[in-house]
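One letter stands for each residue in the lines below.
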Amino acid sequence: MDLKKELEDYKPYNEQEEKDRELILKHLCSGADVYTRENPTAHLTASAWVVTPDRTGVLMAYHNIYKSWSWLGGHADGERDLRKVALREVHEESGLEHIRLAAPDIFSVEVLTVDGHEKHGRYVSSHLHLNVTFLIEADPGDSIHIKPDENSRIGWFSPEEAVASSCEPWFRERVYRKLNEKMRRAGKNDRTDYERENIGGAGK
């Protein structure tokens with residue numbers, strides 16, 4: 001799928017999404033490689049708001065670097081299909097096997113600031129994550145486990161508890177509350193044609 005066209009067609013939910021979509025498109029059109037971490041200033045990531053089919057639960061992980069409960073997701077690392085990135089990251093970070101896109105379309109967009117930090121013994125300078133979010137469904141009865149190099153705890157929260165669990169004010173007020181609002185509006189959808197044709201299962 002053509003990410004640039006998808007973002008051009010995407011209807012922002014609020015001013016944050018409008019401004020952030022413009023900035024992501026600017027980077028996409030710049031000619032710079034934003035699909036890999038070789039671009040130290042800004043690169044693409046995909047996040048997931050992982051919810052139960054009845055929308056009463058949200059999966060959160062306690063992130064080792066940010067010292068906060070947070071959503072799941074990660075870097076594109078060269079993959080052009082950000083849906084596959086989101087599904088891959090949920091599988092890797094939680095161990096969940098039965099996951100699916102709740103809808104085929106982009107669920108949300110954000111530009112995220114990342115402070116400088118140490119990772120795997122090396123310093124990573126402050127930079128931007130040009131983030132695209134997808135709504136993903138999972139069965140709360142499936143087994144889950146941590147990914148020790150990234151998170152130390154993982155668990156299901158009510159949508160309200162998921163917001164309150166975050167120690168990062170901007171994420172609480174600007175992102176997670178918004179995602180819950182959008183989730184309630186989205187409703188439940190059947191498994192998508194995209195999944196049947198392109199995914200086939202977690203992490204593929």
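Residues numbered from 1 in each chain as written. Predicted model: local features only at pLDDT ≥ 70, side-chain atom pairs only at ≥ 80, totals over all residues. Heavy atoms only, no water.

(A) Here's a closer look at unusual backbone geometry. With phi around 65°, arginine 55 is a residue other than glycine that occupies positive phi space. Here arginine 55 lies in the loop between β1 (42–51) and β2 (58–63). (Helix = DSSP H or I, 4+ residues; strand = E, 2+ residues; numbered from the N terminus.)

(B) Region of interest: the nonpolar core. One finds Leu3, Leu28, Leu44 and Leu82 to be the most contacted residues of the largest nonpolar core, which totals 34 residues. Beyond its immediate stretch of four places on either side in the chain, leucine 44 contacts Leu3, Ile24, Leu28, Val34, Tyr35, His75, Ala76, Leu82 and Leu130. Membership of the second largest hydrophobic core comes to 19 residues, among which are Tyr62, Ala162, Phe171 and Met183. (Core = buried A, V, L, I, M, F, W, Y, C linked by side-chain atoms within 4.5 Å. Buried < 20%, exposed > 50% of the residue type's maximum accessible area, 1.4 Å probe, protein only. Contact = heavy atoms within 4.5 Å.)

(C) Representation of the packing of aromatic side chains within the structure. All chains considered together, the criterion is met by 7 aromatic pairs. Consider the rings of tyrosine 62 and tryptophan 69, whose centres lie 5.8 Å apart with planes at 80°: the pair is edge-to-face. The buried category is assigned to tyrosine 62, whose relative accessible area is 17%. Note on tryptophan 69: relative accessible area 14%, which makes it buried. (Phe/Tyr/Trp six-rings, centres within 6.5 Å; stacked < 30°, edge-to-face > 60°.)

(D) Inspection of helix α2 (residues 15–28) at higher detail. For α2, which comprises 14 residues, the first-to-last C-alpha distance of 20 Å matches the rise-based estimate of 20 Å (1.5 Å per residue) to within 8%. Considered for burial, the residues of α2 that qualify are Gln16, Glu17, Asp20, Arg21, Ile24, Leu25, His27 and Leu28. For α2, the angular spread of the buried residues around the axis is 155°, confining them to a single face. Across from the buried face of α2, at angles greater than 90 degrees, the exposed residues are Glu15 and Lys26. Elements in contact with the buried residues of α2: α1 (3–9), β1, β6 (108–114), β9 (127–138) and α5 (169–186). A side-chain oxygen of the first residue of α2 lies 3.2 Å from the backbone nitrogen of glutamine 16; this N-cap is asparagine 14. (Expected span 1.5 Å × (residues − 1). Arc of directions from axis to C-beta. Polar contact = N/O pair within 3.5 Å; in protein donor to acceptor, adjacent residues only side chain to side chain.)

(E) A look at the pairing of β9. The element β9 is extensively covered by neighbouring structure, given that 11 of its 12 residues are classed as buried. Where β1 meets β9, 10 bridges bridge the pair, whose relative direction is parallel. Bridged to serine 47 within β9 is threonine 133. Sheet topology note: the strand β5 (residues 99–101)/β9 ladder contains 3 bridges and is antiparallel. From the neighbouring strand, isoleucine 99 faces β9, where its bridge partner is alanine 138. For β6 and β9, the ladder comprises 7 bridges, and the chain directions are antiparallel. Along β9, the bridge assignment pairs threonine 113 with leucine 128. (Pairing = 2+ DSSP bridges.)

In short, the description is geometric, and any link to function would need to be established separately.
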